[in-house]
Amino acid sequence: MTENVPLLSHLHDGLTIEGYSRAAVQTCWRVNELKLLFDAGVQPWDFMGTPTMFISHAHLDHIAALPAYVSRRRMMKMDPPVIYLPDCAVDPTWKMLQHFRSLDRGAMPCELIGLIGGDETPIGREIIVKSVAVKHTIEALGFIVYQRRHKLKPEFLGLSGDEIRNLRQAGTEITTELRVPLFAYTGDTAPQGLDDNPEFYDAKILISELTFAAPEHRRDKIHKHGHMHVDDYRERQHEFNNELVIGAHLSTRCTDTQIKRFVKKALPDMLNDRLKLWL
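Residues numbered from 1 in each chain as written. Predicted model: local features only at pLDDT ≥ 70, side-chain atom pairs only at ≥ 80, totals over all residues. Heavy atoms only, no water.

Q: Run through the sheet that holds strand β3 (residues 26-31), naming residues and quoting values.
A: Spatially, β1-β2-β3-β4-β5-β6-β7 is the arrangement adopted by the seven strands of the open sheet, whose pairing is mixed. At either margin of the open sheet sits one strand with a lone partner, and together these are β1 (8-12) and β7 (111-115). Across the sheet, the mean angle from the axis of one strand to that of its neighbour is 20°, orientation sign disregarded. In the sheet, β3 pairs with strand β4 (residues 36-40) via four bridges, with the strands oriented antiparallel. Bridge pairing in β4 places Val31 opposite Leu36. Packing of helix α3 (residues 90-104) onto the sheet brings it into contact with β6 (82-86) and β7, and relative to β7 it is tilted by some 160°. (Pairing = 2+ DSSP bridges. Helix = DSSP H or I, 4+ residues; strand = E, 2+ residues; numbered from the N terminus. Axes fitted to C-alpha atoms, helices over the stretch in contact; angles between N-to-C directions. Contact = heavy atoms within 4.5 Å.)

Q: Provide a residue-level description of the environment of Thr16, including the pertinent values.
A: Structurally, the position occupied by Thr16 is in strand β2 (residues 15-22). Classification of Thr16 as buried rests on a relative accessible area of 17%. For the pair Thr16 and Asp188, spaced 172 residues apart in sequence, the C-alpha to C-alpha distance is 21 Å. When near neighbours in sequence (up to four residues on either side) are disregarded, Thr16 contacts Ser9, His10, Leu11, Arg30, Val31, Asn32 and Glu33. Separated by 2.6 Å, the side chains of Thr16 and Glu33 make a polar contact. (Buried < 20%, exposed > 50% of the residue type's maximum accessible area, 1.4 Å probe, protein only. Polar contact = N/O pair within 3.5 Å; in protein donor to acceptor, adjacent residues only side chain to side chain.)

Written out as structure tokens, the structure is:
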């Protein structure tokens, strides 16, 4: 593997979270087992082989490396990627790629698909990615990844295998679909993004922005600019049902040591040891 980005990695219950995220610098994520990328502020060489990307919003630290991702896949003779992003960003993003095509003299083959809050995107047979509107300074989306599972309807539980097979062959719907929220990503958002979408709190793994932690940082100003403070987590600490909460997109205004100290002071138990700072 060729390293070109200071990636971190964390394994939780069979899902590998990889990425790099600092506010106003670069953000990118991969969930390898789900074959999904989220945001392209920087483009790790190893991420190139993942063909599906969801972009939360069009700020440069989340989208600037998209041309590199598209171009590298073409150079390595891979299929064009499918890139989902806020609907309002589709046309400007396409124009950006075409400008790079003029500069680079190389094609930018990809499929751009616009999304709005509430859209559901099937990924294969087992995965659904739901887009939800969050609160930022420009139009932005968060994403919730559900695994589809099928459970036999209660009225058929006592039947034999042959009887169930006969019903299925006759066209009877014998199962009901369950959706298990495996993973969620808020992107950049003020606390309203969480408050408007309580589904975030139920995902097994949640990556949520935690941009500011210093006590002197004013929350009214932070919220106005579409971000969160650790005190927003403290006020909502009993809402988090997640097994793992990754606090990401941390500000570079403080050192890593300072951030850890501020967060530990606000949340001494670190959400019952479920909060991991992406540092």
